[in-house]
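Chain and residue survey
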Amino acid sequence: MIIDGKKTAAELREKIKKEISKLKSTYNAVPGLTVILVGEDPASKIYVKNKEKFAKEVGMNSEVIRYPADLEEKVLLDKIQELNKNKRVSGILVQLPLPKHIDKRKVIETIDPRKDVDGFHPMNVGNLSSGYDSSIPCTPLGCSLLLKKVEKNLSGKSAVVIGRSNLNGKPMTQLLLKENCTVTVTHSKTKDLKAECQRADIIIAAVGIPKLVKGDWVKKGTIVIDVGINKTDSGIVGDVDFDQVSKVAKAITPVPGGVGPMTIACLLKNTVECFKKSNI
Ligand code: NAD
């Protein structure tokens, strides 16, 4: 089974669109997403453009604030404070990576955790790992929804997460634990990644190495979620060797068209959740 992330994301956006229309009639207001982009990173510019496009498409207020790469850190922090107080703004996202002279940690910690649609604020990270209600980072949330498409009950499954980044690997681990999986977190210092993968019922690859996971790393019946987006001479490929692994896996996400589209749909979902909580 090839897990169609594009279709699942489109369905989720449709659901969100309907929900926003209902919220509009209840509150006479719609969720608002503000994205801040600092600098000219080409990939970030594309991501931000897509975020703006889909936010508008589902009926949100969408605003992008663009700053030059030499922006003073204080200007950014002041802007975030201002957005924290703005009732029309339900969610704030500062596109990463930031230029080196800006302290990423300070920026993340300045965002009001109730408007932190990326789920990167330490309060949300802590809540997630304590099993409490929190904003969940968009990409792992998208992976979870795709996993659930294949199998509703993941309890007792053996899951291997490749990569331990704050963005992907760590929150993914928490989500799998919440589903009662037995989780192994692997990383660049893991001794025998192949052997770890061979034991897994679920593999989440979030590494950034093209086609790292090979066909003989995966047992029959495993569900494989490929987070990787790697530019190569032959185009964009994932962290999983799709041609090999799709022959043995029970289900697998393609790249592109798998996890990628879910990330933005989950950002919209998080923005709606923040709006609803602010109106309770
Ligand atoms: P990162 O560089 O922050 O982290 C990579 C992780 O991989 C690290 O924890 C490192 O220890 C581990 N690693 C490195 N080499 C390894 C090896 N040989 N064996 C096992 N582990 C190893 O990366 P990230 O931000 O988590 O992104 C990972 C990938 O996901 C990238 O390709 C990125 O472009 C992609 N990504 C996709 C989306 C999406 O929407 N689909 C979103 C974010 C990132």
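Let me sum up the structure you'll find in this document.

1. Quick word on the overall build of the protein
When its secondary structure is counted, the protein shows 10 helices and 10 strands. Taken against the 2.2 N^0.38 rule, which gives 19 Å for 280 residues, the C-alpha radius of gyration of the protein at 19 Å falls within 12% of a compact globule. By principal-axis analysis of the C-alpha atoms, the protein measures approximately 50 × 45 × 35 Å. Per-residue burial over the protein gives 50% buried out of 280 residues. Across the protein, contacts joining residues at least 24 apart in sequence account for 69% of those joining residues at least 6 apart. Carbon and sulfur atoms make up 52% of the accessible area of the protein, which totals about 14,200 Å². Computing the positive centroid from 46 side-chain charges and the negative centroid from 32, the protein places the two 4 Å apart.

2. Focus: the site of the ligand
In the region of the ligand, 21 residues are neighbours, and Arg164, Ser165, Asn168, Val227 and Thr263 sit closest. With respect to the ligand, the backbone of Ser188 contributes an N or O atom lying 3.1 Å from an oxygen atom. Taking 870 Å² as the accessible area of the ligand by itself, protein coverage stands at 71%. Among the elements that take part in the shell around the ligand, helix α10 (residues 259–278) stands out by supplying 3 residues, more than any other. The residue inventory of the shell around the ligand, partitioned by class, reads 9 nonpolar, 11 polar and 1 charged.

3. Side note on the packing of aromatic side chains
In total, this model carries 1 aromatic pair according to the counting rule given. For the ring pair Tyr27 and Phe275, a centre distance of 5.7 Å and an interplane angle of 85° mean the geometry is edge-to-face. Placement of Tyr27 in helix α1 (residues 5–27) and of Phe275 in helix α10 is noted, with a sequence separation of 248 residues between them. Here Tyr27 falls in the partly exposed class, since its relative accessible area comes to 35%.

4. Digging into the packing of α1 against helix α6 (residues 138–150)
Across the interface, α1 lies against α6 with an axial gap of 11 Å and an inter-helix angle of 105°. Comparing the axis directions of α1 and α6 gives the class roughly perpendicular. For the pair α1 and α6, the contacting residues are Gly5, Thr8, Glu11 and Leu12 in the first and Leu145, Leu146 and Lys149 in the second. Of the residues assigned to the contact of α1 with α6, the class counts are 3 nonpolar, 2 polar and 2 charged.

5. Here we look at helix α7 (residues 169–178)
Of all the residues in α7, the buried ones are Gly169, Pro171, Met172, Thr173, Leu175 and Leu176. Where α7 is buried, its residues meet α5 (122–130), α6, β4 (158–162), β5 (182–186) and β6 (202–205). Looking one or two places after α7, you find Asn180, whose phi comes out positive at around 65°.

6. What about the packing of helix α2 (residues 42–57) against α10?
Contact geometry of α2 with α10 gives a least axis separation of 10 Å together with a crossing angle of 55°. When the interaxial angle is binned, α2 and α10 end up oblique. Our pair here, α2 against α10, has a crossing hand that is right-handed. Facing α2, whose interface residues are Tyr47, Asn50, Lys51, Phe54 and Ala55, α10 presents Ile264, Leu267 and Leu268.

7. A word on helix α3 (residues 73–85)
Taking 1.5 Å per residue as the helical rise, α3 with its 13 residues ought to reach 18 Å, and the 19 Å between its terminal C-alpha atoms agrees with that figure. Looking only at α3, the buried set comprises Glu73, Leu76, Leu77, Lys79, Ile80, Leu83 and Asn84. End-on view of α3: buried residues confined to an arc of 160°, all on one side of the axis. Turned more than 90 degrees away from the buried face of α3 sit Lys74 and Lys85, all of them exposed. Among the structural elements, β1 (32–38), β2 (61–67), β3 (91–94) and α4 (104–110) are those in contact with the buried residues of α3.

8. Some words on the pattern of salt bridges
Applying the stated criterion across every chain, the model contains 19 salt bridges. Here Glu196 makes a salt bridge to Arg199, at a shortest N to O gap of 3.0 Å. Here the residues in one salt-bridge network are Lys7, Glu11 and Lys149, joined through shared partners.

9. Considerations on the sheet that holds β2
Taken together, the 3 strands give an open sheet; going across it, the order is β2-β1-β3, and neighbouring strands pair in parallel fashion. The outermost strands of the open sheet, each flanked by one partner alone, are β2 and β3. Pairwise comparison of adjacent strand axes, ignoring direction, gives a mean angle of 15° for this sheet. Where β1 meets β3, 4 bridges bridge the pair, whose relative direction is parallel. Bridging across to β3, Ile36 finds its partner in Val94.

Parameters at a glance
- Residues numbered from 1 in each chain as written.
- Predicted model: local features only at pLDDT ≥ 70, side-chain atom pairs only at ≥ 80, totals over all residues.
- Heavy atoms only, no water.
- Helix = DSSP H or I, 4+ residues; strand = E, 2+ residues; numbered from the N terminus.
- Rg over C-alpha atoms; globule rule 2.2 N^0.38 Å.
- Buried < 20%, exposed > 50% of the residue type's maximum accessible area, 1.4 Å probe, protein only.
- Contact = heavy atoms within 4.5 Å.
- Areas by Shrake-Rupley, 256 points an atom, 1.4 Å probe, with all protein chains shown as cover.
- Lys, Arg positive; Asp, Glu negative; His and termini not counted.
- Charge placed at Lys NZ, Arg CZ, Asp CG, Glu CD.
- Near = heavy atom within 4 Å.
- Polar contact = N/O pair within 3.5 Å; in protein donor to acceptor, adjacent residues only side chain to side chain.
- Nonpolar A, V, L, I, M, F, W, Y, C, P; charged D, E, K, R; others polar.
- Phe/Tyr/Trp six-rings, centres within 6.5 Å; stacked < 30°, edge-to-face > 60°.
- Axes fitted to C-alpha atoms, helices over the stretch in contact; angles between N-to-C directions.
- Parallel < 35°, antiparallel > 145°, perpendicular 65-115°, else oblique.
- Left-handed = near helix turned anticlockwise from the far one by under 90°.
- Expected span 1.5 Å × (residues − 1).
- Arc of directions from axis to C-beta.
- Salt bridge = Lys/Arg side-chain N within 4 Å of Asp/Glu carboxyl O.
- Pairing = 2+ DSSP bridges.

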